[in-house]
Amino acid sequence: EQNWYQRGSQSKSALRRWVDSSQWTFQNKWYLLEAEESFCNNDFEAARSFYTKAITSAQHHKFVHEEALAHELSAYFYLELGEREQTMEHFE
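Residues numbered from 1 in each chain as written. Predicted model: local features only at pLDDT ≥ 70, side-chain atom pairs only at ≥ 80, totals over all residues. Heavy atoms only, no water.

Novice: Provide a residue-level description of helix 1 (residues 2-21), including the pertinent values.
Specialist: With 20 residues, helix 1 extends 29 Å from end C-alpha to end C-alpha; this agrees with the ideal 28 Å at 1.5 Å per step. Considered for burial, the residues of helix 1 that qualify are Ala-14, Leu-15 and Val-19. Looking down the long axis of helix 1, one finds its buried residues gathered within 145 degrees of arc, a one-sided arrangement. Projecting away from the buried face of helix 1 at angles above 90 degrees are the exposed residues Gln-2, Tyr-5, Arg-17, Asp-20 and Ser-21. Against the buried residues of helix 1 lie helix 2 (23-40). (Helix = DSSP H or I, 4+ residues; strand = E, 2+ residues; numbered from the N terminus. Expected span 1.5 Å × (residues − 1). Buried < 20%, exposed > 50% of the residue type's maximum accessible area, 1.4 Å probe, protein only. Arc of directions from axis to C-beta. Contact = heavy atoms within 4.5 Å.)

Have a look at this one:
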């Protein structure tokens, strides 16, 4: 398990460098990764914020497929929290 954590941290550091060099391409991916990590760590307020940022960034940069992915993962997040109305907004 420690090996996987270390590999994840290294990959996350690489993605952060890519964001610094090209926000247009990588910013929404970074936000989505942060959202998922926050969700896994039960930091639900941070996850909410990062999902919203991931969706907004993908919309702004015209990454339609990545916007769809961010909506889908956000919907599953809200489903797990039992927030049906929020879930349905992301699945529309």
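Novice: Go over the pattern of salt bridges with me, naming the residues and quoting the values.
Specialist: On inspection of all chains with the given rule, the structure shows six salt bridges. For Glu-66, the salt bridge is made with Lys-29, and the minimal N-O distance between the two is 2.9 Å. Of this pair, Glu-66 sits in helix 4 (residues 64-81) while Lys-29 sits in helix 2; the two residues are 37 residues apart in sequence, bridging distant segments of the chain. On the accessibility criterion, Glu-66 (16% relative accessible area) is buried. Judged by relative accessible area, Lys-29 falls into the partly exposed class, the value being 26%. Between Glu-83 and Arg-48 there is a salt bridge, with its nearest N and O atoms 2.8 Å apart. (Salt bridge = Lys/Arg side-chain N within 4 Å of Asp/Glu carboxyl O.)

Novice: Help me get a handle on the environment of Ala-68, residues and values and all.
Specialist: For Ala-68, the location among the structural elements is in helix 4. On the basis of relative accessibility, which here comes to 44%, the residue Ala-68 falls in the partly exposed class. Counting along the chain gives 42 residues from Ala-68 to Phe-26, while the straight-line C-alpha distance between them is 16 Å.

Novice: Tell me about the packing of helix 1 against helix 2, and please be specific about residues and values.
Specialist: Closest axis-to-axis distance for the helix 1/helix 2 pair is 7 Å, and the angle between their directions is 145 degrees. Judged by the twist between their axes, the crossing of helix 1 over helix 2 is left-handed. Packed against helix 1, whose contacting residues are Lys-12, Leu-15, Arg-16, Trp-18, Val-19 and Ser-21, the element helix 2 presents Gln-23, Phe-26, Gln-27, Lys-29, Trp-30, Leu-33, Glu-34 and Glu-37 at the interface. Residues belonging to the contact of helix 1 with helix 2 are distributed by class as follows: six nonpolar, three polar and five charged. (Axes fitted to C-alpha atoms, helices over the stretch in contact; angles between N-to-C directions. Left-handed = near helix turned anticlockwise from the far one by under 90°. Nonpolar A, V, L, I, M, F, W, Y, C, P; charged D, E, K, R; others polar.)

Novice: Now, about the packing of aromatic side chains: what can you tell me, with residues and values included?
Specialist: Evaluated as defined, the whole model comprises eight aromatic pairs. Summarising the aromatic geometry, the rings of Tyr-76 and Phe-91 are spaced 5.4 Å apart at their centres and angled 80 degrees between planes, so their arrangement reads as edge-to-face. Of this pair, Tyr-76 sits in helix 4 while Phe-91 is found in helix 5 (residues 84-91), placing the two residues 15 residues apart along the sequence. Ring geometry for Phe-77 and Tyr-78: centres 4.9 Å apart, planes at 65 degrees, overall edge-to-face. Neither Phe-77 nor Tyr-78 differs from the other in exposure class; each is buried. Aromatic rings pair up to connect Phe-39, Phe-44, Tyr-51, Phe-77 and Tyr-78 into one cluster. (Phe/Tyr/Trp six-rings, centres within 6.5 Å; stacked < 30°, edge-to-face > 60°.)

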